[in-house]
Amino acid sequence: MKKKILIVEDEKTLCLLYEEELSNEGYDITAVMDAEAALAKLGEQSFDLIITDIRMPGKNGIELITQIMGLRKDIPIIINSAYQSYKEDFMTWAADAYVVKSSSLDDLKSKIKQLLGD
Amino acid sequence: MIEKYSILSPDFERDAPRELMLLSIISQSFFQPFSLEDNLLVILTALTSGSGVGFNRAMLFLKQGDRLRGEMWLGPRSAEEAGLIWEVLSTPGIGYVEIVEHNRALVSKNEDTLSARLKGLVYAADDENALIPAYAACRKEILLVSQASTEPLVDRRFLNVIGVEQFLCIPLLARDDVVGEIILDNAITRTPITPSDIKLAGICGLMAGNYIYSATLHRKLLDVEKMAAMGEMAMFVTHQLRNPIVAIGGFTEQLLKPDVPEEKKLRNLTIIRDEIRRLEGIIYQMGHFLKVSLKEPIYFDPGPGIAAVIDSPEVQTKARGYDLNVKLEPCLPEILCDPTSFGEVVRNLLDNAFDATPAGGTISVRGYRKNPTSFVLSIRDTGRGLTNPDKENLFRPFFTTKEKGMGLGLPFIKRVMDTCGGKVEVQSRFGKGALFKLIFICRERELTP
């Protein structure tokens, strides 16, 4: 059975890119564009991994992680941000991995494999 | 009965006490848009002008780090020059601004002025064994020095420069710290310095010290704010540029794989083109905001500018599906602004109104006189409105409520309005639309014969 990944990304084109690329890797992808939609999806179904951006309109990625930790501590989380500097913010340390956005998705893909034990 | 008086320009009688005139001049100058250097010049001018204490010459040392450095020396170089200068300054009707303009040339360091002679006169600002003049600043004491050439505490180098036997040293203090020193003399008239001169000069010294202290603090604060804004900008630019670059790189990578269907090729190329356009837009806006230099504001009729923006194809295209109504009062006054920036300000506000309002909404533009010297151009929308935190941050660079906004439009508008002495006001409640008011200084239109 395909492993399910929830992607939270406010950029439409990046959503599409991650959806296609990670589907090709054999994952079942659900992409949403803000934290509220992510929390709604989490209420509806279970996921094996969550990938979230930090800077988004409305609730940001750090607030989202804090809320997810309160609901489901067992789901691994990857922060995928354009900012390197958030790595220093201890609030991001609750995530299992921090990947700086790059045009090569190799780093992101290898972190996913590692966390899902593939 | 209520009587009103102006805070900034009290009209003193000609025979008003000179102390009152002097303090009034100095305190008023702090409200003028003068630079720190010009305000210091005002203080020296007040100390040397006939309506002030009436010293002949005033020398200023400023503390920089742990040194006291000779900065400015105002006064005539000779009795002949004194006659000329004092004649100009006593011209009937000459205002204080003109006097400062005139004195600016006298303190130039590039010509053979007294200020130029001060060059290189530097003392330690905190030295137990300091000689005069630094002695006064180090000990925080006012000193009246007479028969200076026989006084061993006077630095000989300084004595050679000042070249008089009697002078007064006033340390400039602020919060128990020394920020500088003023040295006054009557080199031309040789009039003895009196106890009342000393008292008055001492009060001026306190005012000057506090002014220098607050102006320096203000400068430091601006530097800190600038640095914070730069940091914020760097963060923002990283994010704004990285996202399109990731998309361009990612979709290019897909194109390089074998057997990509034609349909996908076309889609990816379209995405890549759009993202490159977005990058261009970001770079344009950044450059525009950072480099755009505002021109001097002038009085002009805002009517044609408003019409040009409203009738532009861009606005007309956006206006489809909205109720855009414009009402300007007849015979608009002339407003004070840079005409080019004015057009951009109006366009920016209209763009914001369209972006915030769902199709079918109303956008109203109004232009009217608030009073004989203020003209209001308001733009009201029926969009989503602003929360209180939004309103607080609205004019901060890089703050945006839009999904794809740069957050540079409203800071630009504020900069334009500040430059022309106008104001921008916002009234809004979340969910209830927003009203932006641009308030310009205005005057009646000049009638052409």
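Here the structure is a predicted model, which means the values were calculated and not measured. (Residues numbered from 1 in each chain as written. Chains lettered and ligands numbered in written order. Predicted model: local features only at pLDDT ≥ 70, side-chain atom pairs only at ≥ 80, totals over all residues. Heavy atoms only, no water.)

### Things to note about the sheet that holds strand 4 (residues 77–81) of chain A
Residue and element names in this part refer to chain A.
- As summarised here, the arrangement of the five strands in space is 2-1-3-4-5, forming an open sheet in which the pairing is parallel. Here the strands that pair on one side only, and so sit at the sheet edges, are strand 2 (28–32) and strand 5 (97–100). With direction set aside, neighbouring strand axes in the sheet form an average angle of 20 degrees.
- As defined by bridge partners, strand 3 (residues 49–52) adjoins strand 4 across three bridges and the pair is classed as parallel. Bridging across to strand 4, Ile50 finds its partner in Ile77. (Pairing = 2+ DSSP bridges. Helix = DSSP H or I, 4+ residues; strand = E, 2+ residues; numbered from the N terminus. Axes fitted to C-alpha atoms, helices over the stretch in contact; angles between N-to-C directions.)

### Some remarks on the side chain of B:Lys437
Residues and elements named next belong to chain B.
- If you trace the backbone, Lys437 turns up in strand 13 (residues 434–443).
- With no salt bridge to any partner, buried Lys437 finds its closest opposite charge in Glu425, at an N-O distance of 4.8 Å.
- Excluding residues within four positions of it along the chain, Lys437 makes contact with Tyr368, Val376, Leu377, Ser378, Lys423, Val424, Glu425 and Gln427. (Buried < 20%, exposed > 50% of the residue type's maximum accessible area, 1.4 Å probe, protein only. Lys, Arg positive; Asp, Glu negative; His and termini not counted. Salt bridge = Lys/Arg side-chain N within 4 Å of Asp/Glu carboxyl O. Contact = heavy atoms within 4.5 Å.)

### Re the domain arrangement of chain B
- Domains assigned within chain B are domain 1 (18–219), domain 2 (221–291) and domain 3 (298–443).
- Domain 1 of chain B and domain 3 of chain B are separated by 48 Å when their C-alpha centres are compared. (Domains from an automatic or database assignment.)

### Concerning the packing of helix 12 (residues 339–356) of chain B against helix 14 (residues 409–419) of chain B
Residue and element names in this part refer to chain B.
- In contact at an axis separation of 10 Å, helix 12 and helix 14 are set at 145 degrees when each is read in the N-to-C sense. In the packing of helix 12 onto helix 14, the handedness of the crossing is left-handed. Counting all contacts with helix 12, which are made through Ser341, Glu344, Val345, Asn348, Leu349 and Asn352, the residues of helix 14 involved are Gly409, Leu410, Phe412, Ile413 and Val416.
- Residue classes in the contact of helix 12 with helix 14 are distributed as six nonpolar, four polar and one charged. (Left-handed = near helix turned anticlockwise from the far one by under 90°. Nonpolar A, V, L, I, M, F, W, Y, C, P; charged D, E, K, R; others polar.)

### A few points about helix 3 (residues 61–71) of chain A
Residue and element names in this part refer to chain A.
- Turning to helix 3, its buried residues are Gly61, Ile62, Leu64, Ile65 and Ile68. Down the axis of helix 3, the smallest arc covering the buried residues is 155 degrees, so these residues share one side.
- Put simply, Asn60 is the residue that caps the front of helix 3, since its side-chain oxygen is 3.0 Å from the backbone nitrogen of Ile62. (Arc of directions from axis to C-beta. Polar contact = N/O pair within 3.5 Å; in protein donor to acceptor, adjacent residues only side chain to side chain.)

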